[in-house]
Amino acid sequence: LSAILGGFFFSLKWLYNPLFMAWDIPVAQWGVIIGIAMLLIGLGSYAYRKSVRTALVTPILMLLVCVAAVGRPGPMIAVSGAFLVVHVLRGYIEAMLDVDIAQAVRASVRASVLSLRSLSLRLFSAGIILVSGIIIERVSFSVLMYSLAACILLTAAYPLYRLQIAKT
């Protein structure tokens, strides 16, 4: 689950260019927007530390809605708001998964598990970037974002289900 979501988050930075181009944002403003987005990741991590523990499924469902909303044609304020919320949720979800991994894995194998997670994350990211480029070129950015939300849902559903069973 961490590799699936991490792969999406890792590849997100490669989607900024087509997103900003689709929104007709001048190149000079891209850095400011990306900087704000990166600060929001930290805000999400901070929110996790200060919040009451929730089920992982809740922020993931919120993430899926926001990812789909980023691709939705509509009022710029709503679409850009969804874009920024994705980054807050990224910080929150990554912090939650990091804590869960640290608690679930023995110290003797933690480095190996984190290394496997890093490798898996990069493999998922490579696949996402490859397919994203093809979809953007042949179809549209909106279809890409809807497809990403659907793929995250399909690939994360089983691990989430297994985690829910393990906790009951």
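Scroll up a little and you will see the structure.
Cut-offs applied
- Residues numbered from 1 in each chain as written.
- Predicted model: local features only at pLDDT ≥ 70, side-chain atom pairs only at ≥ 80, totals over all residues.
- Heavy atoms only, no water.
- Salt bridge = Lys/Arg side-chain N within 4 Å of Asp/Glu carboxyl O.
- Helix = DSSP H or I, 4+ residues; strand = E, 2+ residues; numbered from the N terminus.
- Buried < 20%, exposed > 50% of the residue type's maximum accessible area, 1.4 Å probe, protein only.
- Disulfide = S-S within 2.5 Å.
- Expected span 1.5 Å × (residues − 1).
- Contact = heavy atoms within 4.5 Å.
- Polar contact = N/O pair within 3.5 Å; in protein donor to acceptor, adjacent residues only side chain to side chain.
- Bend = angle between axes of the 7 residues up to and from the residue.
- Axes fitted to C-alpha atoms, helices over the stretch in contact; angles between N-to-C directions.
- Left-handed = near helix turned anticlockwise from the far one by under 90°.
- Nonpolar A, V, L, I, M, F, W, Y, C, P; charged D, E, K, R; others polar.

A. Up close: the pattern of salt bridges. What the rule picks out here adds up to three salt bridges. Where D100 meets R53, a salt bridge forms, and the shortest distance between an N and an O atom there is 2.9 Å. One end of the pair, D100, is in helix α5 (residues 76-104); the other, R53, is in the loop between α3 (27-50) and α4 (57-71), with 47 residues separating them in the sequence. For D100, a relative accessible area of 21% corresponds to the partly exposed category. Given the relative accessible area of 38%, R53 is considered partly exposed. The partner of D98 in a salt bridge is R117, and the shortest N-O contact between them spans 3.2 Å. Here R117 lies in helix α6 (residues 107-138) and D98 lies in helix α5, a separation of 19 residues in the sequence.

B. Looking closely at the state of the cysteines. Taken as a whole and assessed by the stated rule, the structure comprises zero disulfides. No disulfide involves C66; its nearest neighbouring cysteine sulfur is the one of C151, lying 18 Å away.

C. Summary view of α3. Between its first and last C-alpha, α3 extends 36 Å over 24 residues, near the 34 Å set by a 1.5 Å rise per residue. Here α3 has its buried residues at W30, I33, A37, L40, I41, G44 and Y48. Packing partners of the buried residues in α3 comprise α2 (16-22) and α5.

D. Representation of the side chain of S2 in the model. Within the secondary structure, S2 sits in helix α1 (residues 2-12). Residue S2 is classed as buried on the basis of its relative accessible area, which comes to 10%. Only 2.4 Å separates the side chain of S2 from the side chain of R117, close enough to count as a polar contact. Dropping the residues within four chain positions of it, S2 is found in contact with L97, I101 and R117.

E. How the structure looks around the environment of A78. The topology assignment puts A78 in helix α5. With 12 residues separating them along the chain, A78 and C66 place their C-alpha atoms 9.7 Å apart.

F. Up close: helix α7 (residues 141-167). With 27 residues, α7 ought to run about 39 Å at 1.5 Å a step, and its terminal C-alpha atoms sit 38 Å apart, in line with that. If you look at α7, its biggest bend is around 40°, right at A156, and the proline P159 turns up within four residues after that. Contacts from the buried residues of α7 go to α1, α2, α4 and α6.

G. Representation of the packing of α5 against α6 in the model. In the contact formed by α5 and α6, the axes pass within 10 Å of each other and the chain directions differ by 145°. For the pair α5 and α6, the crossing hand works out as right-handed. The residues of α6 that touch α5, namely those facing D98, I101 and A102, are R110, V113, L114 and R117. Taken together, the residues of the contact of α5 with α6 sort by class into four nonpolar, no polar and three charged.

H. The environment of G91, seen in detail. Position of G91 relative to the elements: it lies in helix α5. The exposure class of G91 is buried, given its relative accessible area of 4%. G91 sits 53 residues away from M38 along the chain, and the two C-alpha atoms are 9.1 Å apart. Filtering out sequence-adjacent residues up to four positions away, G91 remains in contact with I41, G44 and S45.

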